[in-house]
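Letter by letter, the chains look like this.
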Amino acid sequence: MVSALPSRIMDYNVSAASPTDELLTLGQILSEVGDYASTVLDREHLSLSRKCGTRLRKVVGELKARNSLFSVEGLYDICSNITDLSDKSELATMTVSELHSLYRRWPICHRERETQGREHFTFYHEGKIVNELLRRKAANKAEQLKIDYCVATYHNELDNMSLVFSRPVQIDGEKLFTDSEKRYTPDELTALIRLYSDYRDIVERELLVEYVDYALDLLKRDIDTASTLRLLTEIAELGRRKTIRILEWVNKKLEDAVTYCMSLKDSTSVNEESALAEAMLTLQLMSGDDSLIRKASRIINRCYKSAFEENADLGRRIENLHTAVTCCDYVSRFSVRKAAALWNKLSGKALSTDTKLSSRHIFLMLDTAKECEDYAPVPVESKNRLKRMLNEHEKTGSIESKAYNMIVGLKF
């Protein structure tokens, strides 16, 4: 939260010689920072609010004398005739004044997101504008004041979100920030959304909202239902838990995807029944259709059985064991000791030098161990070697590997 303003703002000499553009921006800073400071009942912020109010009256008086402002409410007016944020690459080509005007349109931007059904309590768009402004060197005092306005009000908005969600603004700087130039795959987005679904701070929540936006855009244009099933399930679960607001069509798309994949269950087009079982259980929690539990239960039992098939693909066995362990309530005669013994066998295969496992499969092995270790022995050395293997995968620069490695570091 902003508890003090730079001396160039508080000591600004308001006079008849002051440029109108500077006075308007100065008034915006003093009014909005002062308003927010008045909501915090401590001596420091109440003092800032009073100082802002005193300075603001002088600024407004001068602007009224010039007929540039008729009341203090005029400082809150928003320019609506300006490009929106649909193309983020445009930010680098905009002037400081254009970025400032664009930033001040955030109420309009948020209403548009709400109308679309997307999470509207987010300032990640505005954060990109602020980051662009911080890369600029102000050409004059008017530009510096516009940068000061955006930075100060943005920090206050983050602080307000911190109070609403009972999370600090930022715990550490180790985050996987978005890349507007990259075309993310469904698997990468699934890993990134899973990483931030239990956000620890406001910056992580902002990243979650942004990655979900990327995923929603991908799902709208992607027709390969089977490849996006896990991503759909991950996003639908966010909506079910009310973590963030999710578009209504996501649930319908998940229902259609489950129906489609069930029709292909005997085809090689659907090679991961575990993903289908997860989707079914999520859909049942949302719709209350108990027939989905019976269907999912049959799949989960098949997964449990096939996990013990010696000649099956190692990755598939890892997937199936993870599904059986995490959904063990639906497995007939489930034995956690038997599952742990199988985990030990699979970990031996996974750690052999000639085995090339994906980052996701290593993550699933560690997640399975976490589920089993309270009830059956799981070798610590094997877990540590798997963690080191995942850490080596991260060095390749893969976004998916980095996401899963961070989840393991945070939770395991």
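Residues numbered from 1 in each chain as written. Predicted model: local features only at pLDDT ≥ 70, side-chain atom pairs only at ≥ 80, totals over all residues. Heavy atoms only, no water.

> An account of the overall build of the chain is needed here, citing residue identities and associated values.
Helix and strand counts for the chain stand at 18 helices and zero strands. Projected onto its principal axes, the C-alpha positions of the chain cover 85 × 40 × 40 Å. Counting only residues that meet the buried cut, the chain has 50% of its 412 residues in that class. Across the chain, every contact between residues at least 6 apart in sequence was considered, and the portion connecting residues at least 24 apart equals 70%. A total accessible area of about 20200 Å² is found for the chain, and carbon and sulfur atoms account for 48% of it. Measuring between centres, the 60 positive side-chain charges of the chain sit 3 Å from its 63 negative side-chain charges. (Helix = DSSP H or I, 4+ residues; strand = E, 2+ residues; numbered from the N terminus. Buried < 20%, exposed > 50% of the residue type's maximum accessible area, 1.4 Å probe, protein only. Contact = heavy atoms within 4.5 Å. Areas by Shrake-Rupley, 256 points an atom, 1.4 Å probe, with all protein chains shown as cover. Lys, Arg positive; Asp, Glu negative; His and termini not counted. Charge placed at Lys NZ, Arg CZ, Asp CG, Glu CD.)

> Run through the pattern of salt bridges, naming residues and quoting values.
In this structure the tally under the stated criterion is 31 salt bridges. Between Asp21 and Lys146 there is a salt bridge, with the nearest N and O atoms lying 3.2 Å from each other. Of the two residues, Asp21 is situated in helix α2 (residues 20-37) and Lys146 in helix α7 (residues 141-165); the sequence distance between them amounts to 125 residues. Exposure remark for Lys146: the relative accessible area of 6% places this residue in the buried category. Taking the shortest distance from any N to any O, the salt bridge between Arg136 and Glu132 comes out at 2.9 Å. Owing to a relative accessible area of 24%, Arg136 belongs among the partly exposed residues under this scheme. Judged by its relative accessible area of 8%, Glu132 is buried. Linked by salt bridges that have partners in common, Asp172, Lys175, Arg200, Asp201 and Glu204 make up one network. (Salt bridge = Lys/Arg side-chain N within 4 Å of Asp/Glu carboxyl O.)

> I'd like a rundown of the nonpolar core, residues and numbers included.
Among soluble globular proteins, nonpolar side chains are generally buried collectively. Counting 120 residues, the largest nonpolar core has Leu5, Leu30, Ile193, Tyr211 and Ile235 as the members making the most contacts within it. The residues touching Leu5, leaving out its near neighbours within four places in the chain, are Met10, Ile29, Leu30, Val33, Leu48, Cys52 and Ala152. (Core = buried A, V, L, I, M, F, W, Y, C linked by side-chain atoms within 4.5 Å.)

> Tell me about the packing of aromatic side chains, residues and numbers included.
Going through the model one piece at a time under the given rule, you end up with eleven aromatic pairs. Members of the aromatic cluster, joined through ring pairs, are Phe121, Phe165 and Tyr199. The ring of Tyr184 is capped by Lys182, whose NZ or CZ atom sits 5.5 Å from the centre of that ring. A cation over a ring is seen here: Lys338 above Phe308, with NZ or CZ 5.0 Å from the ring centre. (Phe/Tyr/Trp six-rings, centres within 6.5 Å; stacked < 30°, edge-to-face > 60°. Lys NZ or Arg CZ within 6 Å of the ring centre and 35° of its normal.)

> Describe in detail the environment of Lys242, supporting the description with residues and values.
You can see Lys242 is positioned in the loop between α10 (229-240) and α11 (249-263). Classification of Lys242 as exposed rests on a relative accessible area of 71%. For the pair Lys242 and Lys395, spaced 153 residues apart in the sequence, the C-alpha separation amounts to 34 Å.

> Summarise α11; cite the residues concerned and give the values.
A rise of 1.5 Å per residue sets the reference length of α11, with its 15 residues, at 21 Å; its end C-alpha atoms lie 21 Å apart and thus fit the reference within 8%. Among all positions of α11, only Val250, Leu254, Ala257, Val258 and Cys261 are buried. Here the buried residues of α11 occupy an arc of 100° about the axis, which is enough to place them on one side. Seen from the buried face of α11, the exposed residues on the opposite side, beyond 90 degrees, are Thr259 and Ser263. Buried residues in α11 make contact with α9 (202-221), α10 and α12 (273-287). (Expected span 1.5 Å × (residues − 1). Arc of directions from axis to C-beta.)

> Provide a residue-level description of the layout of surface pockets, including the pertinent values.
For the largest pocket, the calculated volume is near 810 Å³. Along the wall of the largest pocket there are 26 residues; nearest its centre are Arg194, Glu234, Glu237, Glu278 and Asp367. Every element with two or more residues in the lining of the largest pocket is listed here: α10, α12, α14 (314-326), α16 (359-372) and α18 (399-411). The dominant element in the lining of the largest pocket, judged by the number of residues it contributes, is α16, at six residues. Here the lining of the largest pocket is composed, by residue class, of eight nonpolar, six polar and twelve charged. (1 Å grid on protein atoms, 1.4 Å probe; cavity = no way out; pocket = protein on both sides within 12 Å on 5 of 7 lines; lining within 4 Å. Points joined across faces, edges and corners; volume = space filled by probe spheres on them. Nonpolar A, V, L, I, M, F, W, Y, C, P; charged D, E, K, R; others polar.)

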